[in-house]
Amino acid sequence: MRLLSDSSGVREESGRPSHAPRRPRTPARRTRAPRTSAPRTSAPRTARAVRRTAVLHWIAVHALAVAATLFFVLPFVFVLLTSLMSDQQALTRDLTPDTWAWGNYTAVLTTPDFLLWWRNSLLYAGLGTVLTVVSSVPVAYALATFRFRGERLVLTLVVATMMLPPQVLVVPMYLFWARQLDLSGTLWPLIVPLAFGDAFSIFLLRQFLLTIPRDYLDAARVDGCGELRVLLRIVLPLAKPGLAAIALFQFFAAWNDYFGPQIYASENPSAWTLSYGLESFKGVHHTEWNLTMAATVLVMAPVILVFFLAQKAFVEGVTRTGVKG
């Protein structure tokens, strides 16, 4: 018993009594941050605000481009909407037609000689474009590939002809085609000269052909290809964007040409083109602006359609021109 008591005393002396009461632990109080009530916004309204901000940012960045686009597009919209109005509503304060008069286009197409003018424009623009491309390719290939004495002089003469106004050559050319060949009153004086090349097309295509690496041409020559085969098999497939560019330029120039048909075909109404016949149409229907606008839309439609179909090749051909690879 003493030992136990002694042992208990030893325990008491060691600071750990066997039956000492323990102090109850008080739990630590946790302080919580006050809850802030978030504004309740609906998801559709938030998404709409984000889209609106993005649109406003896009408009701010592209403000100049948007202004230029509206500057060019609004006249086309005006012409299109006016062409679908009635005769009484045309050129009034109304922006949109009350009744969509699609019969205006039927009335224009049934106008005497209008389809004939359309055919003449297709003949002039289509055949002239083919002749320009075919005649310009060999000359541009020779100026871009071959090195010969007088090369710079030939290129300078080609560029110099671009600076010569066409009005300077009107009188001698008219006397030649009318007096010597008796082709006045037709479109052939405008089509035949294109078979001998066009200075602008030659220069533009020559600049594009300079971007084609000469290694391709040398490799084809090593394999035994002649110059004609190199041109047909190697150069032309690589020059499709450049060919598309000069073809579109020539097609647009011929389709919109008013000066040439006025000089050579004015005496023969059966040889008029759309650009020249539209002036006569406007003179007959000078008070019916809805029909005049409908005829204008029909004249512009092929050009716009061709441009959008060949837009990619046209832009590539223009942008790569002059960048020597």
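This text gives an overview of the structure that appears in the document. (Residues numbered from 1 in each chain as written. Predicted model: local features only at pLDDT ≥ 70, side-chain atom pairs only at ≥ 80, totals over all residues. Heavy atoms only, no water.)

1. Let's talk about a nonpolar patch on the surface
Together, Leu70, Phe71, Phe72, Val73, Leu74 and Val77 line one region of the surface with nonpolar side chains, adding up to about 600 Å² of accessible area. Structurally, Phe72 can be placed in helix 3 (residues 63-83). Looking at Phe72, the relative accessible area reads 55%, which means it is exposed. (Patch = residues over 30% accessible without salt bridge, like charges linked within 9 Å, V, L, I, M, F, W, Y side chains within 5 Å. Areas by Shrake-Rupley, 256 points an atom, 1.4 Å probe, with all protein chains shown as cover. Salt bridge = Lys/Arg side-chain N within 4 Å of Asp/Glu carboxyl O. Helix = DSSP H or I, 4+ residues; strand = E, 2+ residues; numbered from the N terminus. Buried < 20%, exposed > 50% of the residue type's maximum accessible area, 1.4 Å probe, protein only.)

2. Looking at the layout of surface pockets
Volume-wise, the largest pocket comes out at about 1200 Å³. Taken together, 35 residues make up the lining of the largest pocket; nearest its centre are Pro166, Leu169, Pro193, Leu194 and Asp198. Those elements that provide at least two residues to the lining of the largest pocket are helix 6 (151-162), helix 7 (170-180), helix 8 (188-191), helix 9 (199-209), helix 12 (240-255) and helix 13 (259-264). Counting residues per element, the lining of the largest pocket draws most heavily on helix 12, which supplies 5 residues. Split into classes, the residues belonging to the lining of the largest pocket amount to 27 nonpolar, 6 polar and 2 charged. The computed volume of the second largest pocket comes to approximately 420 Å³. Lining the second largest pocket are 16 residues, and of these Phe76, Thr296, Val299, Met300 and Ile304 sit closest to its centre. The set of elements that each furnish at least two residues to the lining of the second largest pocket consists of helix 14 (274-284) and helix 15 (289-309). In terms of residue count, helix 15 provides more of the lining of the second largest pocket than any other element does, 9 residues in total. (1 Å grid on protein atoms, 1.4 Å probe; cavity = no way out; pocket = protein on both sides within 12 Å on 5 of 7 lines; lining within 4 Å. Points joined across faces, edges and corners; volume = space filled by probe spheres on them. Nonpolar A, V, L, I, M, F, W, Y, C, P; charged D, E, K, R; others polar.)

3. Focus: the pattern of salt bridges
According to the stated counting rule, one finds 4 salt bridges in the structure shown. Note that Glu151 and Arg147 form a salt bridge whose closest N and O atoms lie 3.5 Å from each other. Among the residues examined, Arg147 registers a relative accessible area of 51% and is labelled exposed. Between Arg221 and Glu227 there is a salt bridge; the shortest N-O distance is 2.7 Å. Judged by its relative accessible area of 32%, Glu227 is partly exposed. Salt bridges linked by common partners bring Asp218, Arg221 and Glu227 together as one network.

4. Considering the packing of aromatic side chains
Taken as a whole, this structure holds 15 aromatic pairs when the rule is applied. A ring pair is formed by Tyr258 and Tyr276, whose centres lie 5.4 Å apart and whose planes are at 40 degrees; its orientation type is tilted. Taken together, the positions of Tyr258 in the loop between helix 12 and helix 13 and Tyr276 in helix 14 put the pair 18 residues apart, joining distant regions of the chain. On the basis of relative accessible area, Tyr258 is assigned to the partly exposed category, the value being 32%. Joined through ring pairs, the aromatic side chains of Phe114, Trp117, Tyr258, Trp272, Tyr276 and Phe281 make up one cluster. (Phe/Tyr/Trp six-rings, centres within 6.5 Å; stacked < 30°, edge-to-face > 60°.)

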